[in-house]
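Structure at a glance
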Amino acid sequence: MPDLLIELFSEEIPARMQARAAEDLKSRVTDGLVEAGLTYAGAAAFATPRRLTLAVEGLSERSPTLREERRGPRVDAPEKAIEGFLRGAGLSRDQLESREEKKGTFFFAVVEKPGREAPDIVADVLETVIRNFPWPKSMRWGSGSLRWVRPLHRILCILTDEAGAQTVPLEIDGIVAGDTTEGHRFMAPDAFSVTSFEDYEAKLKRAKVILNPSERAETIWQEATNMAFASGLEVVEDRGLLAEVAGLVEWPVVLMGEIDEAFLGLPPEVLQTSMKEHQKFFSVRAPQTGRIERFVTVANRETADHGATILAGNQKVLSARLADAKFFWENDLRTVDRQGMKAWTDRLADVTFHAKLGSQAERINRIAALAREIAPFVGAKPDLAEEAARIAKADLASEMVYEFPELQGVMGTYYARAAGHDDAVAAACAEHYSPLGPSDDVPTAPISVAVALADKLDTLTGFWAIDEKPTGSKDPFALRRAALGVIRLVLVNDLRLHLDRLIDAQVLRHQIDAKADAAELRDELLAEIAKHGVFGSAVRTVVERAKASAPAWIEKITNHDSDLSEDLLSFVHDRLKIHLRDEGIRHDVIDACLSRNEHAPDDANVGKDDLTLLVKRARALSDVLGTDDGENLVQGFKRANNILAQAEEKDGVEYSFGADVKFAESAEEKALFAALDAAEARIAPAMKQEDFASAMEAMAALRGPIDAFFEAVQVNDENEVLRRNRLNLLSRIRQICLGVADLTSIEG
Amino acid sequence: MHASSAKPRSFQEIILRLQSYWASKGCAMLQPYDMEVGAGTFHPATTLRALGARPWAAAYVQPSRRPTDGRYGENPNRLQHYYQYQVLIKPSPPDLQALYLGSLEAIGIDMAMHDIRFVEDDWESPTLGAWGLGWEVWCDGMEVSQFTYFQQVGGHDCSPVSGELTYGLERLAMYVLGVDHVMDMPFNDPDAPIPLSYGDVFRQTEQEYSRWNFDIANTEVLQRHFEEAEAECEAILDQEDVDPKTGRRIIMAHPAYDQCIKASHLFNLLDARGVISVTERQAYIGRVRTLAKRCADAFVQTDAATV
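Residues numbered from 1 in each chain as written. Chains lettered and ligands numbered in written order. Predicted model: local features only at pLDDT ≥ 70, side-chain atom pairs only at ≥ 80, totals over all residues. Heavy atoms only, no water.

Regarding its fold elements, chain A presents 28 helices and 18 strands. For 748 residues, the compact-globule formula gives about 27 Å, and the C-alpha radius of gyration of chain A, at 37 Å, lies well above that figure. Dimensions of chain A, computed from the C-alpha atoms along their principal axes, are close to 100 × 95 × 55 Å. The 748 residues of chain A split such that 52% are buried. Partitioning the intrachain contacts of chain A with sequence separation of at least 6 by distance along the chain shows that 69% fall at a separation of at least 24. Element-wise, carbon and sulfur atoms account for 48% of the exposed surface of chain A, whose accessible area totals about 33,900 Å². Between the mean site of the 91 positive side-chain charges and the mean site of the 124 negative ones, chain A shows a separation of 3 Å. (Helix = DSSP H or I, 4+ residues; strand = E, 2+ residues; numbered from the N terminus. Rg over C-alpha atoms; globule rule 2.2 N^0.38 Å. Buried < 20%, exposed > 50% of the residue type's maximum accessible area, 1.4 Å probe, protein only. Contact = heavy atoms within 4.5 Å. Areas by Shrake-Rupley, 256 points an atom, 1.4 Å probe, with all protein chains shown as cover. Lys, Arg positive; Asp, Glu negative; His and termini not counted. Charge placed at Lys NZ, Arg CZ, Asp CG, Glu CD.)

Structure (C-alpha cells):
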C-alpha cells in the first residue's frame, strides 16, 4: 500500500485562499482517485505561502480489473448489426462467444477492462485537478496557457512504499513532476529531494518551513501572548488576522514593538484598524485601561540582529501610517469644532445612495422622520431620536472614514461627542448600524434602537418600493441582514410595535417625492399612519383635510396598496422562521401563530405585525407541542376537525353552535362538555392577558377528555339529533383550539 | 557587485543603480513620458506595449502626479508629484521574482537582515480597463513595489503575459537611506559641492501645486479641456487607417492615447477640486476607459503590436 505525496510549488499564494485551496486539493484528488477505482486510508492537506501539499496514506497499488459482459445480436442477425456490435465492443468475430437462450442463440462479448497502475491514475487525476482547480481568481504567465493562482514552478509527486519512492510520470505545460522541492525563500533556498511525507515534513522544517498552517498560527499566538504577558500586557484577539498572518509566513518570527507616544491619544479603534488593515499587526493593550500601547508583527525570517532591523523598519512604517491617521483625526476634529456635524451632513446631499432611492441626505431625512415616529414605542424622546438620525451617517463624509470605511459609525460617535451632542445621541452613530449579523450585539439604548430600526426599515421599504428584492443567493443590498436586524432589535428589546404601520408609512414616504408640496400635512399624515395604521380614523380626517389643498401626492395615499407592505412583512416572517429555527422552534409552529383560520373565533389574537407577541406565542406553542399531551392534543384536534369538515361538506352547513349537554349519553361525552367549559373559562382571559403558556396548558388539558370521547363515542350516530349535537360539540373543540393557534398548520 | 552592495547615499544613486541593474538584465532604458500621468503604468511603453505578441523589455523613471495626495510638502511621505520606477518584460520570465529581489540587493537592501514579503494585491485600473494579479512587495512591513502579471489591458487579454514592476521611488529610497521625512532626503551626493535635499528640489512645488490642485484650478476650464481631449481622441481614432497624403497605413494609436492620458489627468484634477460626485465619478472613469479601450483596439492593429 503506497503513500502518495503531492506538492504544488508556486509563487506566493494569497493568504485568504490557502485554506480553501488545500481542502479543494484534498477533495478533488481523493475523489478522482476513488472514481478511478483506487482506495486510500487517509488524506491530509496543508498550505504555506508557496506550496499546496497533499499526503494520501495507504493508496491501493492498482485499480481492479473490471469484467463486463454484453449481449449482442442473435447469431443469425444481419451482418451489419453484428459488425456494429463488434465495433462497439472493440473485438473481432472470433473473440465472441455464442450462447443459447430461450429466444435463440446470441453473441456475447466479454470485455475485460484491465486495472491501471496507481502512478498512471495519479498522473491523470492530478493533471485534471491542476487544470480545473477552483481558484477564486487565476492567471496566466509568460507565454503559457496554464492557469494557476500565481505562476506554478514545481510539481512534486511521489508514491512511497517499502521498496522506496517512485516519481509519478507527469508533465503539465513543461513542468515535469519530480521528487524535489525547496525550502524557505531566503533562509534555505536550495532544492532537495524527499522520499516520503515524513521525510518531506522533517526536511522542510530543517529548511525553515513549518508546513502545517495551524502549527504556524499556534506558534504565533503562543509567542505573541507570552511576549505581551512578560510586559504586563495582552494581545487583542483577532482570529481572522491570525489566520491571515499565518498564511503570509513559512517561518514565523514574532516581534513586539512600541507605538510612538505621539499617537497614543488616537482612538483605540483607529490605532487597531490602521495597524491591522495596513500592516497586519496585532494590537497589544494594557489590560486595566484597554489602551493600545504596543504592536506585534510577524516576520518571515530570523536575522543576525534578532529582528532589530525588521522591527525598526516596521515601527517607522507604522509611524508614517499613524501620522496620516492623526492628520485625518485632527482635520476632522477641526471641522467639527468649526461647523459641527453639519459640515458633513450638507455634503451628503451630493452623495448618491442609490440611483432610484436618492441621495444620502434624502435617505437621512426619511430615516429621521421614521426614527421620530418610532421613538415613543421604544422609550426615546422623539427630538433626540431625530437629532441622532440626522447625524448618524455624517461621518461618511469625514476624512477618517474616507480612508478607513470600516470605522464608519465609530468615528461618528467620537465626532458627535466633540460637537457637543448628548452622549446617547452620539452613541447612536456607532450603534445604529447594529446588529450586523446573527451574533452581533443588539443595541438597547432607546435612541440607538429607534435609529437602528428606522435605518433598517427605510432600507427594506426602499428596495421593496423599487422592486429590488433578494432573489435566490443574490442579495446585493443585504436586505436579509436588515430584516434579521429588525427582528433582533424588536425581540431583544421586547418591543411592542405594529410593524405593518411603520412599513406602510415608510413605503409611502418613499413613494411621495421628498420635495412634495404641503410637506407639513404630509408629515402629519405619515406620522398618523405610523401610529394608527392606514385605516385609522384620524388618517381619514387628515386625508379629508388634505384633499382641500389637493396636494399631488394625496392619490398615493388614497390609492395605497398594502400588498407591498404585506409582502415585505411576510419576508420578515420568513427571516423570523429561520432565526427561530436555531432556537428549535419549527416553521410550522410559527405558521400556526401567523395564520388565522376561517373557523377561528373573531377575537383570536393574531398579531402578525407584533413580533414580540408572535414569538411569545410561538414559544408557548412549541413548548406545549413538546409535551405528550400537546402532541396528542393536535392529533385529537385534527381528528375532530376532519370529521367536522367531512360532515360540513356532506351536509352543506357549518356546525358552530348549539351543542347541548342534555343530549350527551355517555360519561365520556359529558366529561368532554365539562372539560370544554373549563378550558374556555381559562383560555379566553389568558389569551387576553397574553399569558400564552396558561392558554396552551388549558388547551393541552383537553387531550384526555378528547381521546376518551373518541374512544367511547361514535360521532356519526344514526340518530340525527345525537349526530348533530356531537358535531356541534366537535366544533367547540375546533373553535377553542383555533382561538389559541391555527393547529391545522402543524405538520405531522 | 561589490560597489553596489555598499549603501547608496542619495535618491539619485538609487535611481542610477536601478537603471544599471535593469540595463544589465537586458531592459531598454527608456525615458519618462513627456506628459502628466498618474502612474508609470500610463506610459505607452507599458500600457500599449503590454498588448500584442511582440516581446518587450523596458525600464524607465516616470514622474507621476496624484493631485489628491498633495500635503503642501508637510507629510513625511505623501506628495502630489513623485517618481515611479517601472519595469515591463513580456513575456514575463520564469525568474522574475528572483530578478526583482536582485534589484533590491542592487540598491543596498541586505536580504539577510530584512523581511521581504509578497502580499496579495491584485491590480486594477478602471480607467485603463486593465487588471492583473500579483502582490505588493513588503520590506519590513513597508510596501516598496507593486508586482503584477498583466492579464488584460484596454479590454484585451494579454498574450503573452507581461510582468510589471513598479517601485515607489521616494518611499523606497527613504527606507534605504534611513530618512524619516521625504523633504530631508539627500537628492544628490551629500558630499557634493552643492548638496541638495529632496526638499530643496520639491518643497516649493509641492506647496504651489497643493494650493492650485485643491483650491485654484479653474474647474470650468478643466472640464472643457476634458471634453476636448475626449473629442480629439475620438476624432483621431475615427480617421481612416490609410493616410491619404502618404498612401501608407498609419493607425494613430499613440496620438490618440496621448489625449486619453490627458483626459485621465484632467479627471484627477477635477477630483482633487472636489467637484465630482460619487455617481459622476463612475461616469468619468467610464468615459476615460472607453477612450483607453479604443486606443488599445487601435494599437493591436499596428505593426508595433504584431509579430
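Counting residues at the interface gives 46 residues for chain A and 42 residues for chain B. Here B:Glu120 ties to A:Arg16 by a salt bridge, and the two come within 2.7 Å at their closest N and O atoms. Linking chain A with chain B are 20 residue pairs in polar contact (both at pLDDT 80 or more), by the criterion used here. The greatest single-element share of the side of chain A that touches chain B, amounting to 10 residues, is contributed by helix α8 (residues 308-339) of chain A. The class makeup of the residues in the side of chain A that touches chain B is 18 nonpolar, 12 polar and 16 charged. (Salt bridge = Lys/Arg side-chain N within 4 Å of Asp/Glu carboxyl O. Polar contact = N/O pair within 3.5 Å; in protein donor to acceptor, adjacent residues only side chain to side chain. Nonpolar A, V, L, I, M, F, W, Y, C, P; charged D, E, K, R; others polar.)

All names here are of chain A. Evaluated as defined, the whole model comprises 74 salt bridges over all chains. For Asp574, the salt bridge identified is with Lys577, shortest N-O distance 3.9 Å. One end of the pair is Asp574 and the other is Lys577, both in helix α21 (residues 563-581) and three residues apart, which spans about a single turn. You can call Asp574 partly exposed: its relative accessible area is 39%.

With that out of the way, let us pick up the nonpolar core. All names here are of chain A. Core analysis: the largest hydrophobic core is formed by 160 residues, its most contacted members being Ile259, Leu621 and Leu730. The element best represented in this core is helix α15 (residues 446-465), accounting for 11 residues. Setting aside anything within four residues of it in sequence, one finds Ile259 in contact with Leu264, Leu271, Met275, Ile292, Glu293, Arg294, Phe295, Leu318 and Leu322. (Core = buried A, V, L, I, M, F, W, Y, C linked by side-chain atoms within 4.5 Å.)

With the rule as written, the count across this model stands at 36 aromatic pairs over all chains. A centroid spacing of 4.9 Å and a plane angle of 45° characterise the contact between B:Tyr198 and B:Phe202, whose relative ring orientation is tilted. Taken together, the residues span about one helical turn, with B:Tyr198 and B:Phe202 both in helix α6 (residues 198-216) at a distance of four residues. Here B:Tyr198 and B:Phe202 have matching classes, each one buried. Three or more aromatic residues link up through ring pairs in this structure, and these residues are B:Tyr85, B:Tyr100, B:Phe118, B:Trp135, B:Phe147, B:Tyr149 and B:Tyr167. Across from the ring centre of A:Phe106, 4.3 Å away, lies the NZ or CZ of A:Arg71, which sits over that ring. B:Arg287 extends its terminal NZ or CZ atom over the ring of B:Tyr284, reaching a point 5.5 Å from the ring centre. (Phe/Tyr/Trp six-rings, centres within 6.5 Å; stacked < 30°, edge-to-face > 60°. Lys NZ or Arg CZ within 6 Å of the ring centre and 35° of its normal.)

Residues and elements named next belong to chain A. With respect to the element layout, Ile158 can be found in strand β7 (residues 152-161). Sequence separation between Ile158 and Leu96 is 62 residues; the distance between their C-alpha atoms is 41 Å. Apart from the residues within four sequence positions on either side, Ile158 is in contact with Asp3, Leu4, Leu5, Ala165, Gln166, Thr167, Gly178, Asp179, Val194, Thr195 and Ser196.

Moving on, we get to the domain arrangement of chain B. Residues and elements named next belong to chain B. Domain annotation of chain B identifies domain 1 (2-210) and domain 2 (218-299). Counting from both sides, the interface comprises 21 residues of domain 1 and, opposite them, 20 residues of domain 2. With both chains or domains summed, domain 1 and domain 2 bury close to 1,900 Å², and 72% of this area falls on carbon and sulfur atoms. If you look at where domain 1 meets domain 2, you find zero salt bridges. Viewed at the interface, domain 2 and domain 1 are joined by six residue pairs in polar contact (both at pLDDT 80 or more). (Domains from an automatic or database assignment. Buried area = accessible area lost by both parts, 1.4 Å probe.)

Attention shifts here to helix α7 (residues 219-237) of chain B. Residues and elements named next belong to chain B. Under the 1.5 Å per step criterion, the end-to-end length of α7 is 27 Å for 19 residues, consistent within 8% with the ideal 27 Å. Within the sequence span of α7, burial applies to Leu222, Phe226, Ala229, Glu230, Cys233, Ile236 and Leu237. Taken down its axis, α7 places every buried residue within 135° of arc, on the same side. Where α7 begins, one side-chain oxygen reaches toward the backbone nitrogen of Glu220, 2.9 Å away; that side chain belongs to Asn218. (Expected span 1.5 Å × (residues − 1). Arc of directions from axis to C-beta.)

For the rest of this paragraph, the subject is the UniProt feature "domain: DALR anticodon binding" (unreviewed entry) in chain A. Listed under "domain: DALR anticodon binding" (unreviewed entry) in the UniProt record, and renumbered for this structure, are residues 634-746 of chain A. Taken as a whole, residues 634-746 of chain A contains 71% helix and 0% strand, while its terminal C-alpha atoms sit 8 Å from one another. (UniProt positions renumbered as here; feature names shortened; annotations may be inferred.)

All names here are of chain A. Partitioning chain A into structural domains gives domain 1 (3-62 + 117-206), domain 2 (66-113), domain 3 (213-338), domain 4 (344-568) and domain 5 (583-745). Between domain 1 and domain 3, the residue contacts involve 13 residues of the former and 12 residues of the latter. Interface area for domain 1 against domain 3, summed over the two sides, is near 1,100 Å², with a carbon-plus-sulfur share of 53%. When the buried surface of domain 1 facing domain 3 is broken down by residue, His184, Met187 and Lys205 rank first, second and third, together holding 44% of it. In this assembly, domain 1 and domain 3 are joined by two salt bridges. Among the salt bridges present, the one from Lys205 reaches Glu215, with a minimum N-O distance of 2.5 Å. Between the two partners, domain 1 and domain 3, sit six residue pairs in polar contact (both at pLDDT 80 or more). Elements that contribute at least two residues to the side of domain 1 that touches domain 3 include exactly α1 (15-35) and β2 (42-48).

Moving on, we come to the sheet that holds strand β14 (residues 253-258) of chain A. Residue and element names in this part refer to chain A. Read across the sheet, four strands follow the order β13-β15-β16-β14 without closing on themselves; strand pairing throughout is antiparallel. Two strands close off the open sheet at either side, each with one partner strand: β13 (234-235) and β14. With two bridges joining them, β13 and strand β15 (residues 282-285) adopt antiparallel strand pairing. Counted as the bridge partner of Glu234 is Arg285 from β15. Against the sheet, helix α7 (residues 268-279) contacts β15 and β16 (292-299), and its axis sits at roughly 10° relative to β16. (Pairing = 2+ DSSP bridges. Axes fitted to C-alpha atoms, helices over the stretch in contact; angles between N-to-C directions.)

Let us now look at a nonpolar patch on the surface. A cluster of nonpolar side chains, B:Ile194, B:Leu196 and B:Val201, forms an exposed patch at the surface whose accessible area comes to about 250 Å². Among the structural elements, B:Leu196 can be located in the loop between α5 (169-177) and α6. (Patch = residues over 30% accessible without salt bridge, like charges linked within 9 Å, V, L, I, M, F, W, Y side chains within 5 Å.)

Our focus in this paragraph is the packing of α8(A) against helix α13 (residues 410-418) of chain A. Residues and elements named next belong to chain A. At a minimum axis separation of 9 Å, α8 and α13 run at an interaxial angle of 40°. Here α13 runs oblique to α8, going by the angle between their axes. Note that α8 runs across α13; the crossing there is right-handed. Contact residues: Phe328, Trp329, Asp332, Leu333 and Val336 in α8; Met411, Tyr414, Tyr415 and Ala418 in α13. Broken down by class, the residue content of the contact of α8 with α13 amounts to eight nonpolar, no polar and one charged. (Parallel < 35°, antiparallel > 145°, perpendicular 65-115°, else oblique. Left-handed = near helix turned anticlockwise from the far one by under 90°.)

Whether parallel or antiparallel, the strands of a sheet pair through hydrogen bonds between backbone atoms. Residues and elements named next belong to chain A. Ordered in space as β4-β6-β5, the three strands form an open sheet in which the pairing is antiparallel. Looking at strand neighbours, the two that pair on one side only are β4 (66-74) and β5 (97-101), the edges of this open sheet. Here the average twist between neighbouring strands, direction ignored, is 35°. With five bridges connecting them, β5 and strand β6 (residues 104-113) associate as antiparallel partners. From the neighbouring strand, Ser98 faces β6, where its bridge partner is Phe107. Across the sheet, helix α2 (residues 79-89) touches β4 and β6, and the angle it forms with β4 is around 170°.

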